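Chain by chain, the residues:
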Amino acid sequence: MTVKIGVIGCGAIGLEHIKRITNTLSGGKIVAVNDINENNAKKIIADLHLDAKFYADGHELIRSADVDAVLVTCWGPAHKEFVLEAVKQKKYVFCEKPLATTADDCLEIVEEEMKQKKHLVQVGFMRRFDEGYVALKKTIDEGQIGAPLILHAAHRNPAVDEKYTTDMAINDTMIHEIDVLHWLLDDEYISAQVIYPRKTGNASSHLADPQIVLVETKKGIRIDVEIFVNCKYGYDIKCEVVGEDGIAYLPEPATVQTRQKAALNRPILMDWKQRFIKAYDYEIQAFINNINKGQKLDGPTSWDGYAAALTADVCVQAQQNPGKILPIKMKDRPDFYK
Ligand code: NAP
């Protein structure tokens, strides 16, 4: 069977997903496309020779009998309305992060999905599909390092533009750590605190950079995440889990090591798009495969979307109250999402 997919939002990531479904992945076909910018969507259909129909209205696309599943890849504030509509229509929906821009809106989606009694939503936190994180999780789950006690993480970008604001360090950057780390540790967050070290001279005047976010989990694991978005040297993701019996590290991306001119060298990526490129393929392929096989979706759920939104909100409040430890009061996870 081929999953007939409709895409809402054909900007940067929407176009990438359309290309990967059309050219790289199997079992799915783009049959419908919507974007607020009609010319852009029609140009994509023409340029990629898609056998797809343009819909001026995203809701109409969702309701179309030609569409089995929906990809919501428009800008964040419009995610909720399209995801809710898809769930109400009992259609599978892959939504790029964020699931919605507030925790309450995420909960509305959670409640609607539970009402349908079917897992219909996958959220685009692709790091859970990265081979490195999968291997790290396996190491932890097998008990190789004993019970995790501390986790050190870093998310570094070479540079950001003037439009990047301090809260984006949480909502756009650390949001990926927020999702992947509680999955990695099989745990939930209970508090957050933000500390500002000495500011780099490479950041714009309005931006606090770097930042350190300290998070505590239910099991008592202490997590520190360094966010440094003007580090200059590369796009670098670090994760080190300190356990009772040993330490496990997120593998470095595979690169060629050279010995040359009295130096041992390994290149570091500069562009975030390359770092998790395969994980994007795997997350969408898993979405398609699970639909095709009639299996439960196994990626991040709408509950994970809620957990990320709530945690991010508290982290932003913690940014505004430096040094203060703020509680993360998450609702109890319903059995449906256990
Ligand atoms: P983008 O390039 O700005 O694309 C968004 C597209 O959606 C644009 O074509 C925009 O049209 C269109 N759009 C806006 N409102 C719409 C609406 N109501 N109905 C239909 N189309 C609408 O942004 P992007 O970088 O692709 O990001 C899209 C989403 O993906 C964001 O939520 C972002 O956080 C997420 N994302 C996730 C990752 C990841 O690593 N998982 C990476 C990148 C992006 P106009 O340009 O005319 O407004």
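What you are looking at is a predicted structure, and each value in this text was computed from that prediction instead of being measured.

Colleague: Account for the pattern of salt bridges, naming residues and giving values.
Modeller: Summed over all chains, the structure comprises 22 salt bridges. Of the charged contacts, one joins R156 and D236 as a salt bridge, the two residues approaching to 3.8 Å between their closest N and O atoms. With R156 in strand β7 (residues 148-156) and D236 in strand β11 (residues 236-243), the pair connects residues that are 80 residues apart, well separated along the chain. With respect to burial, R156 and D236 carry one shared label: buried. When salt bridges that share partners are traced, they join R128, D179, E188, D304 and R333 into one network.

Colleague: Describe the state of the cysteines, listing the residues and the values that go with them.
Modeller: Disulfide: a covalent bond connecting the sulfur atoms of a pair of cysteines. Summed over all chains, the structure comprises zero disulfides. Residue C74 stays outside any disulfide, its sulfur separated by 7.5 Å from that of C95, the closest cysteine. Cysteine C106 shares no disulfide, and the gap to the nearest cysteine sulfur, in C95, comes to 8.7 Å. With a relative accessible area of 0%, C106 lands in the buried category.

Colleague: Report on the site of the ligand, specifying residues and quantitative values.
Modeller: Around the ligand there are 24 residues in total, and I13, D35, W75, K97 and Y280 lie nearest to it. Within the side chain of D35, an N or O atom sits 2.8 Å from an oxygen atom of the ligand. Here W75 contributes a side-chain N or O atom positioned 3.3 Å from a nitrogen atom of the ligand. Burial of the ligand by the surrounding chains reaches 72%, relative to a free accessible area of 900 Å². Of all the secondary structure elements, the ones that give two or more residues to the shell around the ligand are α1 (12-24) and α4 (79-88).

Colleague: I'd like a description of the packing of aromatic side chains, backed by residues and values.
Modeller: Scanning all chains against the criterion turns up five aromatic pairs. With 5.7 Å between their ring centres and 65 degrees between their planes, F94 and F287 make a pair best called edge-to-face. One end of the pair, F94, is in strand β5 (residues 92-95); the other, F287, is in helix α9 (residues 277-292), and 193 residues separate them in sequence. Here the two residues F94 and F287 agree in accessibility, since each one is buried.

Colleague: Mind laying out α1, listing which residues take part and the relevant values?
Modeller: The first and last C-alpha atoms of α1 sit 17 Å apart over 13 residues, in line with the 18 Å expected at 1.5 Å per residue. Every buried residue belonging to α1 is among G14, H17, I18, R20 and I21, and all of these are buried. When α1 is viewed along its axis, its buried side chains cluster within an angular range of 165 degrees and face the same direction. Turned more than 90 degrees away from the buried face of α1, the exposed residues are A12, N23 and T24. Structurally, α1 contributes buried residues whose contacts are with β1 (3-8), β2 (28-34), α2 (38-47), β4 (69-72), β5 and α9.

Analysis parameters
Residues numbered from 1 in each chain as written. Predicted model: local features only at pLDDT ≥ 70, side-chain atom pairs only at ≥ 80, totals over all residues. Heavy atoms only, no water. Salt bridge = Lys/Arg side-chain N within 4 Å of Asp/Glu carboxyl O. Helix = DSSP H or I, 4+ residues; strand = E, 2+ residues; numbered from the N terminus. Buried < 20%, exposed > 50% of the residue type's maximum accessible area, 1.4 Å probe, protein only. Disulfide = S-S within 2.5 Å. Near = heavy atom within 4 Å. Polar contact = N/O pair within 3.5 Å; in protein donor to acceptor, adjacent residues only side chain to side chain. Areas by Shrake-Rupley, 256 points an atom, 1.4 Å probe, with all protein chains shown as cover. Phe/Tyr/Trp six-rings, centres within 6.5 Å; stacked < 30°, edge-to-face > 60°. Expected span 1.5 Å × (residues − 1). Arc of directions from axis to C-beta. Contact = heavy atoms within 4.5 Å.

Take it as geometry only, folks, not as evidence of what the structure does.
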